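Here is how the chains run, residue by residue.
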Amino acid sequence: MIKAILIFNNHGKPRLIRFYQYFSEDMQQQIIRETFHLVSKRDDNVCNFLEGGSLIGGSDYKLIYRHYATLYFVFCVDSSESELGILDLIQVFVETLDKCFENVCELDLIFHMDKVHYILQEVVMGGMVLETNMNEIVAQVEVQNRMEKSEGGLSAAPARAVSAVKNMNLPEIPRNINIGDINIKVPSLSPF
Amino acid sequence: MSPSVPLQEMIRAIRSARTQCEERGVIQRECAAIRAQFRQTDNGGRSHNLAKLLYVHMLGYPAHFGQMECVRMIASPRYSEKRVGYLGAMMLLDEKQDASLLITNSIKNDLSHSNQYVQSLALCTLACMGSAEMCRDLAPEIDRLLRSSNSYIKKKAALCAVHIVRKVHELGELFVPSARSLLSEKNHGVLHGAVVLITELCERSPETLERFRKVSVPDLVQIMKGLVISGYSPDHDVAGVSDPFLQVRILRLLRILGRNNEAASDAMNDLLAQVATNTDSTKTVGNAVLYETVLSVLDIKSESGLRVLAVNILGRFLLNNDRNIRYIAMTSLQKIVSTDHNAVQRHRGTIVDCLKDQDASVKRRALELSLALVSASNIRSMMKELLIFLSSCPPELRAHAASGIFNAAERYAPSKRWHIDTILHVLTTAGGDVRDETVPNLIQLITNTSELHCYTVHKLYRALLTDISQQPLVQVACWCIGEYGDLLLKGECQETEAVQVTEDDVLDALEIVLQSHMSTPTTRGFALTATMKLSTRITDNVDRIRSIVSIYGSCIDVELQQRAVEYNALFKKYDHMRAAVLERMPVIQKNSLGQTNGELSEEPIKESQPGKVKQEEMALPQQPAGQNVYLTFHKLVCSTYLNQFKVFFMLLLASAPTVTVYEKNGVTLTLICERQSESGLTVTLTASNSTDSDISSFTLQAAVPKSVQLQMRAPSRDSLPAHGGAKLTQLVVLNNPNKVGLQNANRTVPTSLTSIKMS
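What you see is a predicted model; the values in this text were computed from it and never measured.

Draft legend 1. Layout of the overall build of chain B. Helix and strand counts for chain B stand at 34 helices and 11 strands. Expressed as a percentage of its 759 residues, the buried residues of chain B come to 58%. In chain B, of all internal contacts separated by at least 6 residues, the share reaching a separation of at least 24 is 68%. Surface summary for chain B: the accessible area is close to 31,700 Å², and the carbon and sulfur share equals 50%.

Draft legend 2. Here's a closer look at the overall build of chain A. The number of helices and strands found in chain A is six helices and seven strands. Element order for chain A, N to C, with α for helix and β for strand: β-β-α-β-β-β-α-α-α-β-β-α-α. Considering chain A as a whole, with its 192 residues, one finds that 50% of them fall into the buried category. In chain A, once contacts between residues fewer than 6 apart in sequence are set aside, the share between residues at least 24 apart is 49%. Accessible surface for chain A amounts to roughly 10,200 Å². Of this, 54% is attributable to carbon and sulfur atoms.

Draft legend 3. Spatial organisation of the environment of B:Ile588. Its location among the elements puts B:Ile588 in the loop between α31 (575-581) and β3 (601-602). Along the sequence, B:Ile588 and B:Ile443 sit 145 residues apart, while their C-alpha atoms lie 9.1 Å from each other.

Draft legend 4. Looking closely at the interface of chain B and chain A. Of the residues lining the interface, 70 residues belong to chain B; the matching set on chain A comes to 59 residues. Between chain B and chain A the total buried area reaches about 5,800 Å² when both faces are included, carbon and sulfur atoms providing 56% of it. Per-residue buried area on chain B facing chain A is highest for B:Met58, B:Arg83 and B:Phe245; these three make up 13% of the total on that side. Applying the counting criterion to the chain B and chain A interface returns seven salt bridges. Where A:Lys13 meets B:Glu23, a salt bridge forms, and the shortest distance between an N and an O atom there is 3.9 Å. The tally of links between chain B and chain A comes to 22 residue pairs in polar contact (both at pLDDT 80 or more). With eight residues, helix α9 (residues 151-167) of chain B is the largest single contributor of residues to the side of chain B that touches chain A. Its residues assigned to classes, the side of chain B that touches chain A comprises 36 nonpolar, 15 polar and 19 charged.

Draft legend 5. Highlighting helix α16 (residues 304-319) of chain B. Residue and element names in this part refer to chain B. Relative to the 22 Å expected for 16 residues at 1.5 Å per residue, α16 spans 23 Å between its end C-alpha atoms, a close match to the ideal helical length. Along α16, the residues classified as buried are Leu306, Ala310, Val311, Ile313, Leu314, Gly315, Phe317 and Leu318. Residues of α16 that are buried in the fold lie against α14 (262-278), α15 (284-299), α17 (323-336), α18 (341-345) and α19 (348-354).

Draft legend 6. View of the sheet that holds strand β2 (residues 14-19) of chain A. Residues and elements named next belong to chain A. On the basis of which strands lie adjacent, the open sheet formed by five strands has the order β2-β1-β5-β4-β3 and antiparallel pairing. With one partner strand each, in any of the chains shown, β2 and β3 (49-51) form the two edges of the open sheet. Neighbour-to-neighbour, the strand axes of this sheet turn through a mean angle of 20°, independent of strand direction. Pairing of strand β1 (residues 2-9) with β2 involves five bridges; the strand directions are antiparallel. Along β2, the bridge assignment pairs isoleucine 7 with leucine 16.

Draft legend 7. Representation of the pattern of salt bridges. If you walk through the whole model with that rule in mind, you get 38 salt bridges over all chains. Ionic pairing is found between B:Lys155 and A:Glu131, a salt bridge with its closest N-O pair at 2.7 Å. With one member in each of two chains, B:Lys155 in helix α9 and A:Glu131 in the loop between β7 (128-129) and α5 (134-150) form a pair that bridges those chains. Relative accessible area serves as the criterion here: at 7%, A:Glu131 is assigned to the buried category. Notably, a salt bridge pairs B:Asp299 with B:Arg259, separated by 2.9 Å at the nearest N-O pair. Pair noted here: B:Asp299 is in helix α15 and B:Arg259 is in the loop between α13 (244-258) and α14, with a separation of 40 residues, a long-range link. For B:Arg259, a relative accessible area of 36% gives the class partly exposed.

Draft legend 8. Broad picture of the packing of helix α23 (residues 416-430) of chain B against helix α25 (residues 453-466) of chain B. Residues and elements named next belong to chain B. As a packed pair, α23 and α25 sit with axes 11 Å apart at the nearest point and diverge in direction by 15°. Comparing their axes, α25 and α23 come out roughly parallel. By crossing handedness, the relation of α23 to α25 is classed as right-handed. On α25, the residues touching Arg417, Ile420, Asp421 and Leu424 of α23 are Tyr455, Thr456, Lys459 and Leu460. Of the residues assigned to the contact of α23 with α25, the class counts are four nonpolar, one polar and three charged.

Draft legend 9. Quick look at the layout of surface pockets. The space that makes up the second largest pocket amounts to roughly 1,000 Å³. Along its surface, the second largest pocket is lined by 47 residues, and A:Met1, A:Tyr20, A:Gln21, A:Gly126 and B:Arg166 are the ones closest to its centre. When grouped by side-chain class, the residues that make up the lining of the second largest pocket number 18 nonpolar, 12 polar and 17 charged.

Draft legend 10. Examining empty space enclosed by the protein more closely. Counting across every chain of the model gives eight cavities of 30 Å³ or more. Lining the second largest cavity, in full, are A:Ser80, A:Glu81, A:Ser82, A:Gly85, A:Ile86, A:Val129, B:His192, B:Phe245, B:Val248, B:Arg249 and B:Arg252. When residues of the lining of the second largest cavity are traced back to their parent elements, those giving at least two are α2 (83-101) of chain A together with α13 of chain B. Broken down by element, the residue count for the lining of the second largest cavity peaks at four residues, all from α13(B). Split into classes, the residues belonging to the lining of the second largest cavity amount to four nonpolar, four polar and three charged.

Draft legend 11. Local environment of the packing of aromatic side chains. The final tally for this structure, using the stated rule, is nine aromatic pairs over all chains. Seen in terms of ring centroids, A:Phe73 and A:Phe93 are 6.2 Å apart; in terms of plane orientation they differ by 75°. Their pairing is edge-to-face. Taken together, the residues span a long stretch of sequence, with A:Phe73 in strand β5 (residues 71-77) and A:Phe93 in helix α2 at a distance of 20 residues. The exposure classification of A:Phe73 matches that of A:Phe93, with both residues buried. Among the aromatic residues, those joined into a ring-pair cluster are A:Phe8, A:Phe36, A:Tyr65 and A:Tyr72. Positioned above the aromatic ring of A:Tyr61, the side-chain terminus of A:Lys3 is 4.3 Å from the ring centre. The residue whose ring lies beneath B:Arg35 is B:Phe65, and the NZ or CZ to ring-centre distance is 4.8 Å.

What counts as what
- Residues numbered from 1 in each chain as written.
- Chains lettered and ligands numbered in written order.
- Predicted model: local features only at pLDDT ≥ 70, side-chain atom pairs only at ≥ 80, totals over all residues.
- Heavy atoms only, no water.
- Helix = DSSP H or I, 4+ residues; strand = E, 2+ residues; numbered from the N terminus.
- Buried < 20%, exposed > 50% of the residue type's maximum accessible area, 1.4 Å probe, protein only.
- Contact = heavy atoms within 4.5 Å.
- Areas by Shrake-Rupley, 256 points an atom, 1.4 Å probe, with all protein chains shown as cover.
- Buried area = accessible area lost by both parts, 1.4 Å probe.
- Salt bridge = Lys/Arg side-chain N within 4 Å of Asp/Glu carboxyl O.
- Polar contact = N/O pair within 3.5 Å; in protein donor to acceptor, adjacent residues only side chain to side chain.
- Nonpolar A, V, L, I, M, F, W, Y, C, P; charged D, E, K, R; others polar.
- Expected span 1.5 Å × (residues − 1).
- Pairing = 2+ DSSP bridges.
- Axes fitted to C-alpha atoms, helices over the stretch in contact; angles between N-to-C directions.
- Parallel < 35°, antiparallel > 145°, perpendicular 65-115°, else oblique.
- Left-handed = near helix turned anticlockwise from the far one by under 90°.
- 1 Å grid on protein atoms, 1.4 Å probe; cavity = no way out; pocket = protein on both sides within 12 Å on 5 of 7 lines; lining within 4 Å.
- Points joined across faces, edges and corners; volume = space filled by probe spheres on them.
- Phe/Tyr/Trp six-rings, centres within 6.5 Å; stacked < 30°, edge-to-face > 60°.
- Lys NZ or Arg CZ within 6 Å of the ring centre and 35° of its normal.

Okay, here's the thing in structure tokens:
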């Protein structure tokens, strides 16, 4: 069983946290800090498995993590999960995020935290692996997103319009139209 | 109240805050706005607010006021609101909160919703935070969904069922039929869920295991064959292996079904061999499947050819360059080391090499495995490697390594001298991390090897001179110098080179320990007692010892002060007893709990002259009339916490009926314990004499730890006539008001010299 899924950046700021077992808020933050502390000490060429810290559970749990550029993806699992399998699962999850967000980067995770949660919900449910086929996951997520959008309704329309205009990337209206040197031969007008 | 901004705006605002204080301010403002919005009934942007709250929650700020809002959102008919509502429920609610009861009804309704995505939301939430009551209520619904035709729902329902079974074990029965039928599905997601469900059911109940064993093994084998042999299928392919996740799951289930069962194992043999040979091991996924196959082969009753193949695969893993694979290989070798010991021994060289790896996780695995592989034949070479490892190992592994080395040394030591050398080596390298019992164990070992006393004390003295920071080492060294100081001063020793040590040197060394800041109070106690013991073993500097001891009579540490004062008294008033009290310790017998022999030592004192040096350890008592036979527990008190006192005390506190604690040379002493109250105990001591001559002036003494009160009544007589003519009885009342356990009693033993003469 997967006990927790944590994504945080190189400075320890959490980008996504999902616990499949109840911990109080204080405990959650403490676990994040401790996990970051353990994982950030690791070199890049050592193995991806860490015997877990003392907070998140006894001797049965280990941390399986992957480091992608600025983000650490950490899965805390117990002995009933295959370690190499979880490593592959992290890979599948990241590739799914990539497909859903088009070249995903850390900012996408920051600003669309809820969407990342929904994608994760299709992969892992209740601490167990649900679906590992990337195309299937992406398809389901897209259907759900479409459903949500279509539900917008009239009340949300003005707000959507406003935000659409705000987000529209209008190119700057040029003050000076400089089309370079063009010799426009103006034909001389014949006198009446 | 300003209208709250959408999620992205808020995130931008939080990120632009430059200090923690600024961030807190932004978040507080936002939370206030959100709370106000929650109080309004109709609001277009409700889902945004909850999403913002969840973001704030992730950063660590309190978000409990959103719980009721979650409940309301879940009940809303709009999909977007339901979605966020359920997400909020999973993050903020748990079964301990009251609000979670309120969503049960919503979940129930949503489970029969027409939209499959709404159903899936409900299933997901139930699987994440469903309490036992909720599970009981909704289990029939889940069972119905397991039979639906929608594979998306079926796979989610399967995992939900797993959660239900985990919460309420009895409901497992309900899901067995549906689980069986799910195995004939084509959809891999559903199959995966079904296999997980069956695994959970089998692990919970042996009867279910039996049923599935009979029925499902052929099906599973069929599915696996399909996966392994079939060609490339783009849907499920991961780097060339067809749905490795499903393969791994099925292999695990096969392992559980085939354990301890010949028939099932036979059915799987071919399949496992096929998987083992066909899977491509160049990528991680292939290795994952191979690894699982190996574990399954080794766990079921497979044929020997297959086992050899499996161990070879593990050996290959061990030599792989990828550290992950090596870690995995060692983990699996750990699992089989108890059953296939010889097979693992073949790879000992590689494992010992991994001890030198840079990676801390690999080191940890290698340490565990090396400790498991130590045996009588390879003890010397393994110990060399382990000691090298100990000197360079990361601090978190030190304690484990040290205790592992001690256990191994104890079990397989080829010679006593080697054993003592090894322990000394460990104490010098990792002395700070060893466990507390090491010190008394080591002392016991040293006293038991009487031929090596000279060698040991010389080595310890030299170690003490180099380094006094490792407390266990210092304690053992002080104890030995105190006990065997005379051997140290004699100078010659067969085993090591001779070094002239003067009395001043020895006292200097002990004084340094006494005064050093690095010494703990326990160590100081050891050093003081050792100094005192030397007073009977050296000739010239007794005055120096007296002055040292008297200085500590006004020490701030109460323990040391008490000791010093009592030792002073030993110098002054009880000088005639000093030699007797400070004599050599007898051989300590290793005892286990339940032994009745109280390990009492008997020391006849022929002529107690103060200052006389007693060289012999335990002389046989002679029994002419007029001898005082001291059954002294003094000796025990002079030494460190020892097992014998533990046993004796255990006897006292455990109200054993009648115990013969001493039977030597015709003198028998028995104890009868009776529990009077919760903390009180009456002990009747009965002594009898079966020799030919009378024993007169027979006195019994006893000492107890500080937390126990002792009261002696007068004995019935003070002489023991011959041939068991009459018995001497004495009543002792013990009171243990603090109900001090044995462990604690142990620790307070080396404190008082309180001995109360029973006469």
